[in-house]
Amino acid sequence: MSCNGKVVMDGNGVIKNHKCRDSDGLKNGFDENSLIDKYTFETLTETSDYLKKLVSIEPKVGIICGSGLGTLADALDDKIAIPYEDIPNFPKSTVKGHAGALVFGYLSGVPVVCMKGRFHYYEGYPLWKCAMPVRVMKLLGVTHLITTNAAGGLNSNYRVGDIMLVKDHINLIGLSGNNPLQGPNDERFGPRFPPMAKAYDKKLLEQAKEFAKELGLAKNIHEGVYTCVGGPNFETVAELRMLNILGADAVGMSTVHEVITARHCDLTVLAFSLITNECKADYNSMDLANLEEILDVGKMRQTVLQKFVQKIVKYISTSEDLQQ
Ligand SMILES: O=P(O)(O)O[C@H]1O[C@H](CO)[C@@H](O)[C@H]1O
């Protein structure tokens with residue numbers, strides 16, 4: 001039975017024509033937008049094998065470029081960029097500020113792969129699809145993930161242009177029952193119940209803080225809690241107040257599902273947010289977040305962030321105790 005866009009229910013409210021109700025399970029007949037992971041290990045191996053044949057670079061570090069941060073990929077030497085639309089099983093980027101290419105190359109002499117453009121839940125992709133490139137990175141041989149984002153600053157000490165190293169997250173979408181790991185678990189990726197209490201590598205975070213100071217960012221560097229909302233609308237004042245109470249320091253619409261997927265398959269993770277707007281939980285505030293401003297802040301910080309990431313990648317490649 002196929003899914004033709006019209007949902008047909010039986011008398012008990014059970015969907016009859018949905019592909020994911022078929023008996024052939026994970027491999028075939030799955031609805032594209034099912035909440036449950038459809039990419040099998042074999043499907044993702046097909047994707048990584050395609051890339052391995054095309055590119056001889058064997059990346060050690062994966063980098064995900066946040067909104068307005070695509071220029072992180074421009075700093076690579078000997079770049080090879082492959083548009084997402086040419087990669088088997090890859091979704092496509094649909095948001096301004098996210099170019100849509102996988103870029104292989106070298107940073108400080110270290111082989112890396114960059115996602116120049118990520119996938120967001122609000123684009124209509126289920127979380128497992130948003131996060132699938134992380135598993136492809138793992139299959140390519142990546143051991144460390146650096147994931148970046150543009151985020152609104154909830155912490156009243158944060159200013160536009162500051163950088164927040166993510167020390168922890170609140171998975172708002174996950175707590176309400178939507179998680180990229182939902183569905184049957186394939187142990188070849190990782191365990192059924194992965195711990196998430198130490199998702200962000202402490203040593204890498206401390207070192208990144210030192211690098212930020214060396215780059216003159218001592219007053220601009222923070223560590224804090226990131227929370228991911230579904231978007232695409234920015235938050236209401238009441239929602240911002242709630243996020244403050246929950247203990248979040250920055251809010252965005254990405255990253256958390258990538259980190260969960262990365263930790264599930266045992267990648268070491270560093271994440272940072274570029275604070276692109278200050279979230280004022282005040283009905284009289286005239287500051288309303290908008291994409292153009294967010295992208296401008298990315299431009300303003302592009303050179304220093306390229307240097308920052310370069311230093312981190314070099315450290316990863318040389319630090320004995322971070323080797324996996
Ligand atoms: O998280 P990244 O991809 O950096 O993008 C952030 O910026 C966009 C809002 O302008 C949202 O997509 C938000 O998540």
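Residues numbered from 1 in each chain as written. Predicted model: local features only at pLDDT ≥ 70, side-chain atom pairs only at ≥ 80, totals over all residues. Heavy atoms only, no water.

Asks: Help me understand the overall build of the protein, please; the structure alone is not making it clear to me.
Replies: Scanning the protein from terminus to terminus reveals eight helices and nine strands. The 324 residues of the protein split such that 53% are buried. A fraction of 78% describes how many contacts in the protein between residues 6 or more apart in sequence connect residues 24 or more apart. With the model as given, the accessible surface of the protein reaches about 14,500 Å², and the carbon-plus-sulfur share is 51%. (Helix = DSSP H or I, 4+ residues; strand = E, 2+ residues; numbered from the N terminus. Buried < 20%, exposed > 50% of the residue type's maximum accessible area, 1.4 Å probe, protein only. Contact = heavy atoms within 4.5 Å. Areas by Shrake-Rupley, 256 points an atom, 1.4 Å probe, with all protein chains shown as cover.)

Asks: Even after reading the chapter, I still don't get the UniProt feature "domain: Nucleoside phosphorylase" (unreviewed entry) in the protein, so can you show me in this structure?
Replies: Here, UniProt's "domain: Nucleoside phosphorylase" (unreviewed entry) annotation points to residues 60-313. Between the end C-alpha atoms of residues 60-313 there is a gap of 9 Å, over a span that is 28% helix and 26% strand. (UniProt positions renumbered as here; feature names shortened; annotations may be inferred.)

Asks: Is there a simple way to think about the packing of aromatic side chains in this case?
Replies: Centre-to-centre distance and the angle between the planes together describe a pair of aromatic rings. All told, the structure shown has eight aromatic pairs when counted by the stated rule. Seen from their ring centres, Phe-90 and Phe-119 are 6.1 Å apart, and the 70 degrees between their planes marks the pair as edge-to-face. In this pair, Phe-90 is assigned in the loop between β2 (77-83) and β3 (101-107) and Phe-119 in the loop between β4 (110-116) and α2 (127-130), connecting sequence segments 29 residues apart. A network of ring pairs unites the aromatic residues Tyr-84, Phe-90, Phe-119 and Tyr-125 as a single cluster. (Phe/Tyr/Trp six-rings, centres within 6.5 Å; stacked < 30°, edge-to-face > 60°.)

Asks: What is the right way to read the pairing of strand β9 (residues 268-278) from this model?
Replies: As a general feature of sheets, a regular strand has side chains that alternate between the two faces. The element β9 is extensively covered by neighbouring structure, given that ten of its eleven residues are classed as buried. Pairing of strand β5 (residues 144-153) with β9, which is carried by ten bridges, proceeds in the parallel orientation. Note on β9: the bridge partner recorded for Gly-153 is Glu-278. The pairing of strand β6 (residues 163-170) with β9 spans three bridges and is classified as antiparallel. Counterpart to Leu-165 in the pairing with β9 is Phe-272. (Pairing = 2+ DSSP bridges.)

Asks: Explanation requested: the site of the ligand in the structure shown.
Replies: The immediate surroundings of the ligand are formed by 14 residues, with Ser-67, His-120, Tyr-122, Ala-150 and Ser-254 found nearest. Side-chain polar atom of Tyr-122 to an oxygen atom of the ligand: 2.6 Å apart, as the coordinates give it. The contact in question runs from an oxygen atom of the ligand to an N or O atom on the backbone of Ala-150, over 2.8 Å. Taken by itself the ligand offers 340 Å² of open surface, and the protein chains cover 95% of this. Secondary structure elements with two or more residues in the shell around the ligand: β5 and α8 (291-318). Considering only residue class, the shell around the ligand consists of six nonpolar, seven polar and one charged. (Near = heavy atom within 4 Å. Polar contact = N/O pair within 3.5 Å; in protein donor to acceptor, adjacent residues only side chain to side chain. Nonpolar A, V, L, I, M, F, W, Y, C, P; charged D, E, K, R; others polar.)

Asks: Even after reading the chapter, I still don't get the pattern of salt bridges, so can you show me in this structure?
Replies: Between side chains of opposite charge, a pair can form when the charged atoms approach closely. Applying the stated criterion across every chain yields a total of 14 salt bridges. Here Arg-118 makes a salt bridge to Glu-258, at a shortest N to O gap of 2.6 Å. Taken together, the residues span a long stretch of sequence, with Arg-118 in the loop between β4 and α2 and Glu-258 in helix α7 (residues 256-264) at a distance of 140 residues. Assigned by exposure class, Arg-118 and Glu-258 land together as buried. (Salt bridge = Lys/Arg side-chain N within 4 Å of Asp/Glu carboxyl O.)

Asks: Mind showing me how you'd approach the nonpolar core here?
Replies: General note: in soluble globular proteins, nonpolar side chains tend to be found buried as a group. With 49 residues, the main nonpolar core has Leu-51, Phe-90, Leu-102, Phe-104 and Leu-145 as its most contacted residues. Among the elements that line this core, the one with the most residues is helix α3 (residues 132-140), at six residues. Setting aside chain neighbours within four positions, we find Leu-145 in contact with Gly-62, Ile-64, Val-134, Met-137, Glu-258, Ala-262, Leu-267, Thr-268, Val-269 and Leu-270. By size, the runner-up hydrophobic cluster in this structure holds 36 residues, among which are Ile-146, Leu-165, Val-297 and Tyr-315. (Core = buried A, V, L, I, M, F, W, Y, C linked by side-chain atoms within 4.5 Å.)

Asks: Can you help me understand the UniProt feature "binding site: phosphate" (unreviewed entry) in the protein in this one?
Replies: Feature annotation in UniProt assigns "binding site: phosphate" (unreviewed entry) to the following positions: Ser-67, His-98, Arg-118, Phe-119, His-120, Ala-150 and Ser-254. These annotated residues cover 188 residues of sequence, and their C-alpha atoms lie no more than 13.7 Å from one another, placing them together at a single site. Here Ser-67 lies in the loop between β1 (61-64) and β2. Ser-67 has contacts with Gly-97, His-98, Ala-150, Ile-294 and Leu-295, leaving out every residue within four places of it along the chain. Here Ala-150 is to be found in strand β5. Apart from the residues within four sequence positions on either side, Ala-150 is in contact with Ser-67, Leu-274, Thr-276 and Ile-294.

Asks: Would you explain helix α5 (residues 202-214) in this entry?
Replies: An α-helix turns once per 3.6 residues; consequently, residues spaced three or four apart project the same way. A rise of 1.5 Å per residue sets the reference length of α5, with its 13 residues, at 18 Å; its end C-alpha atoms lie 19 Å apart and thus fit the reference within 8%. For α5, the complete set of buried residues consists of Leu-204, Leu-205, Ala-208, Lys-209, Phe-211 and Ala-212. Buried residues of α5, seen end-on, are gathered within an arc of 165 degrees and therefore sit on one face of the element. Turned more than 90 degrees from where α5 packs its buried face, Lys-202 and Glu-214 sit exposed. Contacts made by the buried residues of α5 are with β5, β6, β7 (221-228), β9 and α8. Measuring from the side-chain oxygen of the N-cap residue of α5 to the backbone nitrogen of Lys-203 gives 3.3 Å; that N-cap residue is Asp-201. (Expected span 1.5 Å × (residues − 1). Arc of directions from axis to C-beta.)

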